[in-house]
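# Report on the structure
Spelled out, the chains give:
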Amino acid sequence: MREKIAANDFTQYVQILGRGKKGARSLTTEEAEHAMSLMLSGQVAPEQSGAFWMLIRIREETVEETVGFTKATRAYLAKQKSLGTKVDLDWPAYAGKRNELPWFLLAALALANTGVKIVMHGHTFDGENRIYVEQSIQQLGLAISHSREDITRELESRNFAYIPLAQIDKSLGHMMDLKYVLGLRSPVNTVVRMMNPFFASHSVHGVFHRGYDELHLSACELLGDASVLVFRGGNGEAEVNPERDVTLGKWQNGVASWSDWPKAEKEHKRLKDNLDLSRLTDHWRGAQLDQFGDQAVRQTIASVAGLLYGETSHEGCLALADEIWSKRDKGFFDNLI
């Protein structure tokens, strides 16, 4: 006979969210923070966690809930062992790419080649028709970090480290994996983009849908974040799609700003569904120009460089991107151990 699951402190939050059209309401920041703290500390049954996230998923998370979830997650992660070095840029990569390669990875590596210390983190959903950044990193010969010591070592040697979400914290990994049971992504996807687990000076967030960029910036303001870039990227990753106009949202120095960048003017032939990773390495080495990749990498570097170096004009950001790309170590992939 199945053991009866007893009510606990978390039950109240499921009740608040699920009381029906007239009785239900969203959580306050304090309630969301407490609810997330209970989940992270293992005091919540899986059934409760699944019900909780799906009830929020139906109407989408509010700014206040996002702030509460993020505050709790940051407080929880702050108790863990700190890195042995300072991180310049936090780069969440959780969406995966459907019919194109993760060109943003080259953008991150080019920035790292100039001395910017970047930690990228993500999660892989097995069985999905997407290419996740972790798969690309493994196949290209880059290291996968499994601990904070690994991250420190990679940052000191290459200025770039990647760590899977479950290696940052198992409970966060379990929350993400609820998608296998529930069949839908949950607001945890917002939390892992917002959490900045190693407290980097800057963060870049890619989002799936319009409106989430505004949610992220509003949450950044209430969280007191220092420097964040958010935009609707290719397949939801922090990668500028050169085939679309893009609106970049920036929170910096206590001010929110928005910039509209036009799609790339140069004509390019997109090799849709060609997921051969040699396209990445050939383009990096300069052995073969990938027209789509060239524009995706250039525009992505430009967007992040604007955040890092305070450049505001599109032309100025592109000039920075060209300089950064020109300084890359073309033998980087040949020298990987």
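Quick note: structure is the one above.
First, a word on what this report is: a plain description of the structure on this page. Remember, it's a predicted structure, so these values are computed and weren't measured experimentally.

Take empty space enclosed by the protein next. Summed over the entire model, instances satisfying the criterion amount to two cavities of 30 Å³ or more. Each pocket or cavity is described by its volume, and for the largest cavity that value is around 40 Å³. Together, Phe125, Met175, Met176, Leu178, Lys179, Leu182, Leu184, Arg185, Ser186 and Asn189 line the largest cavity. Looking at the lining of the largest cavity, the element that brings in the most residues is helix 10 (residues 170-182), giving five residues. Considering only enclosed or pocket space, the second largest cavity measures out at about 40 Å³ in volume. Residue assignment for the lining of the second largest cavity shows that the elements contributing at least two residues are helix 8 (148-158) and strand 3 (160-164). Ranked by residues supplied to the lining of the second largest cavity, first place goes to strand 3 with three residues. Taken together, the residues of the lining of the second largest cavity sort by class into five nonpolar, no polar and two charged.

Turning next to helix 14 (residues 291-309). One turn of an α-helix holds 3.6 residues; hence residues three or four places apart share an orientation. In a regular helix each residue adds 1.5 Å, so 19 residues correspond to 27 Å; helix 14 covers 27 Å between its end C-alpha atoms and thus fits that length. Here helix 14 lies mainly inside the structure; 16 of its 19 residues are buried. Regarding helix 14, its N-cap is Asp290, as a side-chain oxygen of that residue lies 3.3 Å from the backbone nitrogen of Phe292 further along. Just beyond helix 14, the residue with positive phi is Gly310, at close to 75 degrees.

Basis of the calculations
Residues numbered from 1 in each chain as written. Predicted model: local features only at pLDDT ≥ 70, side-chain atom pairs only at ≥ 80, totals over all residues. Heavy atoms only, no water. 1 Å grid on protein atoms, 1.4 Å probe; cavity = no way out; pocket = protein on both sides within 12 Å on 5 of 7 lines; lining within 4 Å. Points joined across faces, edges and corners; volume = space filled by probe spheres on them. Helix = DSSP H or I, 4+ residues; strand = E, 2+ residues; numbered from the N terminus. Nonpolar A, V, L, I, M, F, W, Y, C, P; charged D, E, K, R; others polar. Expected span 1.5 Å × (residues − 1). Buried < 20%, exposed > 50% of the residue type's maximum accessible area, 1.4 Å probe, protein only. Polar contact = N/O pair within 3.5 Å; in protein donor to acceptor, adjacent residues only side chain to side chain.

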